[in-house]
Each structure stands twice: as C-alpha cells, then as structure tokens.
Amino acid sequence: MHDVLTVAAQILDGPPEEMLHRLSASLAGVIPHRAIAQLASQCATTPVYTYGEPSLARAITGAELAGLLGTVTAGRPWHGVLTIAGEEHHALAVASDRAPRGSILLLLRRYDDAVPEVDAYIQPLWDLVTIHMYRLTLNGEPSATAQSRAVAGARFEVAAELGEAHAATLATLLGVLRNQRIDDAAARTNAVELALNALAELRTDTRQDQRYHGEEPAARAFDRLADSLRGLLRHTTVELELDAPGNDKLVPGDLAHSARVAVRSVVLAMLTQDAVRRIRVGWQWNGTDLHATVRDDGPGELNGVLVLGQLSERLRFGDGQLELEAVPGWGLTARITLKPGATPHPLEDPLAALGTRELEVLERIAEGSRNRSIADELHISESTVKFHVANILTKLDVTSRTQAAALYHATAGV
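Remember, it's a predicted structure, so these values are computed and weren't measured experimentally.

1. A short note on the sheet that holds strand 4 (residues 87–96)
And step 1. Strand order in the open sheet formed by 5 strands is 2-1-5-4-3, with antiparallel pairing between adjacent strands. The open sheet terminates on both sides in strands that have one partner only, identified here as strand 2 (48–52) and strand 3 (78–84). Ignoring strand direction, the axes of neighbouring strands in this sheet form an average angle of 25°.
And step 2. Across 7 bridges, the pairing between strand 3 and strand 4 is antiparallel. When the sheet's bridge partners are listed, Thr83 is paired in strand 4 with Glu88.

Dropping the structure here:
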C-alpha cells in the first residue's frame, strides 16, 4: 500500500492535463503498455484522454471507452483482448465508482503475461486518481466551469452541423444518381459539380453562418434558407413550397442560422421516406420567438425519421423545441420554436489551445499536405511533425486528420 500511495502522490502532483502522462510513466515498470486512455465522465469538455504510441493512442475512441465503462465492474479489473484500429491488443481495463458517473482506465499491454498483484495495485491507484479528478471538477472556478461547458456545447454544435452539411451533400448526390431521367454521363458531371460546390460551401458559407452575430431582415434570412433547400432538392422529384415571413423585422443572425440548420435537418429526414412528393417550409418571426414549420405529403409515419430525436435534443439543450405530428396517409408536420440566445456559442476559439507551431501544422493539414511536405515547408523533421499532429488531435478532441481539418475550416475561416 505504501508503494501505491507514493506513486499516487507522484501522479497527482502536477498539471491536471499531464496526469495521464505521469500515470503512464509510473505504470510502465509494473504494466508495460503501448498506449493508455481514460474516460472521466464528470469532465464536460475533454472526458477522453489518450497517451502512448501516436497511431495507437489516436485510434482509441470515446465509444470504446464508454462501452468498457458500461461493462467493467468497479473493483474488478478486466483482462482481455480488444480490437483497436483493426488489430487485436491485450488489454487491461479498470473501472472506478468514486465519481458519480464513474471512470475507466484502459491500458493496451505489450505482453500478455499474468501478474497476480497487478489488480490489487492498479485498482486503489485508479480510485485515488478518480477521486482527485472529481474534486478538481467540484472545486473549479464557476466561471471556468461555465466556460468549459459552453465550449463543449459549441464543439458539439460544430460537429453536428458539419455532419448535417455532409448529410445534405450525400442526399443530393444520391438524388442525382437515382434520377432515372439523367443519363450516366450527365449524372457524373452533376455529381462532380455537387462535390466541388460542397467543398466550397464547407470552407465559406457554413463558417460565415456560424460566425454571424449581427442582425438581418427576416425575409433575407429566409431567402438564404430557400436557396439552400432548392439546391438540396434540385435533383429530386420533390416539389418545394415556401411561406416567407409575414414581416421584415430584424432577426438575430445566430437565431436565423439555427433555424436554417434545424429546418434543413428536418427536410433531410423527410427525404428518407418513400412517396414524398411535396415539402412545404415556412417560418414566422414575431420579434421574440422564431417559429418554423415543415410539412410533407409522405406516409405520415415517424418510424423513418427517428433521427430527428438528435435534433430535438440539441434544441432542448439551447432552450428550443421540436414538435412532430404524424397523420397516417396525410404526412408529417414538424414545428420548430427558437428563442434568441437559444444556441450556445463558444466563449473562446476552439483552436485557442493550440500553440503557434501547432496552428501552422494544422493549417497545412487542412490544405491536404502530408507530413513530409509539412516538414520541408516548416524546416523541421518529419518526426517533429508527427509529434505536433498527435498533440493537435488530442487538444481538439478529434480522432483523425480529416476531422481536425474540418474543425479548422469551420472555425479559422479557410
């Protein structure tokens, strides 16, 4: 027990963001491992941390750790085999219930040798670390905690909207490829055009929408929505009907953006149904609330549009609301209510955690450059580039270069 306490003191004595590094170093002699990861569910912003061999550490996802948290019993470390990045690895997982929502520690071991005293050593150590992490959360400055939650909400919002943008592109491409009235050559030409336009929009329109914090006339804001929907439905047989706002009062730019994102999500969900031939979209802005209505003439069933539950959760997170009414044989109606300030915005730039050199590397990743090219351009070694890339992925809480590039395009204005 003395050894556990000594090691715990070494682990806890230092910056919280480097705790996993110190834990890995302390365990290296007892449990040789290639990578280590933790899921601290009480943390609002970065509950997942990984450390170790870069390619392996990056491959460990929050979904895998959450699965372990739901199956490994606190007090009974689990030894087994996990498939990470397509390869099997000998693993040790330790759960703790010393925080309200628990925590999990995962080690991908170098060897499969049995060490009887490992469980008795690692469990109390992880319990102590979990208690310490939880206390840090409780004792954090209220403003810092609020800021962390705002950043977490904003990061979720960015990821969700990027996903919806990709979904819109894929839905439109499928519409082109399924259209029997277009021959193969024309379909390929249209598909290429759509893909190029989608890339351009990812770099410009989506970002500008997110960063617009002023006001704009309600009619102009609705026209932007109408243009987006026309592009989405252009290669389908679905007819779009529009009910413009009855006034031209100024609407907050962030509220208009939220309404456009929500309406597009509903339209995308409706397009997954069979037999939809008409979609009608309208919204009203009374100076206090923005009400958007989307109706279709489909089968009037909710089974095919359960994905809208994700949108409903996002709206409730920001004090908004989504109501669905399905009438069999007549269609589906979605009513969206948004209030000014309903959408959370970051109190700091998501890229603020990156250093100057890391930003330079990320900028070149976003341009599609590989490590060798980045090293030559910045006059550094390729191994140094790999080190910066690993840090970038960790700090941005993403798992791939593509995700990091998408976040850069959405926030840095490229």
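2. Comments concerning the sheet that holds strand 11 (residues 321–327)
The strands making up a sheet associate through backbone hydrogen bonding, with each pair oriented either parallel or antiparallel.
And step 1. A sheet is described by the order of its strands in space; here 5 strands give the open sequence 7-9-10-12-11, paired in mixed fashion. The sheet is open, and its two borders are formed by strand 7 (239–243) and strand 11, each paired with just one other strand. Each adjacent strand pair in this sheet contributes to an overall mean axis angle of 15°, direction not counted.
And step 2. Of the strand pairs in this sheet, strand 10 (residues 290–296) and strand 12 (residues 331–338) are connected by 6 bridges, and their pairing is antiparallel. The residue of strand 12 that forms the bridge with Val294 is Ala334.
And step 3. Strands in contact with helix 9 (residues 218–233) are strand 7 and strand 9 (278–285); relative to strand 9, the strand with the most contacts, it is inclined by about 165°.

3. Details of the packing of aromatic side chains
And step 1. If you walk through the whole model with that rule in mind, you get 1 aromatic pair.
And step 2. Here the aromatic rings of Phe222 and Trp283 are separated by 5.4 Å at their centres, their planes lie at 65°, and the arrangement is edge-to-face. Note that Phe222 is positioned in helix 9 and Trp283 in strand 9, a separation of 61 residues in sequence. In terms of burial, Phe222 and Trp283 fall into one category: buried.

4. Brief notes about the packing of helix 9 against helix 10 (residues 253–271)
And step 1. At a closest axis distance of 10 Å, the pairing of helix 9 and helix 10 adopts a crossing angle of 25°. With respect to each other, helix 9 and helix 10 are oriented roughly parallel. Seen along the crossing, helix 9 lies across helix 10 with a hand that is right-handed. Together, Ala221, Arg224, Leu225, Ser228, Leu229, Leu232 and Leu233 of helix 9 and Ala256, Arg260, Val263, Arg264, Val267, Leu268 and Leu271 of helix 10 make up the contact between the two elements.
And step 2. Residues of the contact of helix 9 with helix 10, tallied by class, amount to 10 nonpolar, 1 polar and 3 charged.

5. Examining unusual backbone geometry
And step 1. You will see that His379, though not glycine, has its phi angle at about 60°, which is positive.
And step 2. The topology assignment puts His379 in the loop between helix 13 (371–378) and helix 14 (382–396).

6. Let's talk about the confidence of the model for the chain
And step 1. On average, the chain scores 77 in pLDDT, and the residues at 70 or more come to 72%.
And step 2. Between the elements of the chain, mean pLDDT differs from a low of 43, seen in helix 8 (residues 205–211), to a high of 94, seen in strand 5 (residues 103–109).
And step 3. Note on residues 141–152: pLDDT under 50 across the span, and 13 contacts to partners over four residues away in sequence or across chains.

7. As for the side chain of Asp296
And step 1. With respect to the helices, strands and loops of the structure, Asp296 is situated in strand 10.
And step 2. Polar side-chain contacts of Asp296 include one of 3.1 Å to the backbone nitrogen of Gly298.
And step 3. Engagement of the side chain of Asp296 in a polar contact is seen with the backbone nitrogen of Leu332, the distance being 2.7 Å.
And step 4. With near-sequence residues (within four places) excluded, Asp296 lies in contact with Met270, Gln273, Val276, Arg278, Ile279, Trp330, Gly331 and Leu332.

8. Considerations on the nonpolar core
And step 1. In terms of nonpolar packing, the biggest core is built from 33 residues, with Val263, Val267, Val281 and Ile336 touching the most fellow members.
And step 2. No other element matches helix 10, which puts 9 residues into this core.
And step 3. Not counting residues within four places of it along the chain, the set of residues in contact with Ile336 comprises Ala262, Val263, Val266, Leu290, His291, Ala292, Leu315, Gln321 and Leu322.
And step 4. In terms of nonpolar packing, the next biggest core, distinct from the first, is built from 22 residues, Val4, Met19, Leu20 and Ile36 among them.

9. Observations regarding the pattern of salt bridges
And step 1. If you walk through the whole model with that rule in mind, you get 17 salt bridges.
And step 2. Measuring nitrogen to oxygen at the nearest pair gives 3.8 Å for the salt bridge that ties Asp97 to Arg98.
And step 3. Residue Arg98 is classed as partly exposed on the basis of its relative accessible area, which comes to 45%.
And step 4. For Glu239, the salt bridge goes to Arg278, with nearest N and O atoms at 3.9 Å.

10. Side note on the pairing of strand 10
And step 1. Burial along strand 10 is one-sided: the face carrying Leu290, Ala292, Val294 and Asp296 is buried and the face carrying His291, Thr293 and Arg295 is not.
And step 2. Relative to strand 10, strand 9 runs antiparallel, the two sharing 7 bridges. Across the sheet, Gln284 pairs through a bridge with His291, a residue of strand 10.
And step 3. Hairpin connection of strand 9 to strand 10: 4 residues between the antiparallel strands, including Gly287 at a positive phi of 90°.

Parameters and conventions
Residues numbered from 1 in each chain as written. Predicted model: local features only at pLDDT ≥ 70, side-chain atom pairs only at ≥ 80, totals over all residues. Heavy atoms only, no water. Pairing = 2+ DSSP bridges. Helix = DSSP H or I, 4+ residues; strand = E, 2+ residues; numbered from the N terminus. Axes fitted to C-alpha atoms, helices over the stretch in contact; angles between N-to-C directions. Contact = heavy atoms within 4.5 Å. Phe/Tyr/Trp six-rings, centres within 6.5 Å; stacked < 30°, edge-to-face > 60°. Buried < 20%, exposed > 50% of the residue type's maximum accessible area, 1.4 Å probe, protein only. Parallel < 35°, antiparallel > 145°, perpendicular 65-115°, else oblique. Left-handed = near helix turned anticlockwise from the far one by under 90°. Nonpolar A, V, L, I, M, F, W, Y, C, P; charged D, E, K, R; others polar. pLDDT = per-residue confidence, 0-100. Polar contact = N/O pair within 3.5 Å; in protein donor to acceptor, adjacent residues only side chain to side chain. Core = buried A, V, L, I, M, F, W, Y, C linked by side-chain atoms within 4.5 Å. Salt bridge = Lys/Arg side-chain N within 4 Å of Asp/Glu carboxyl O.

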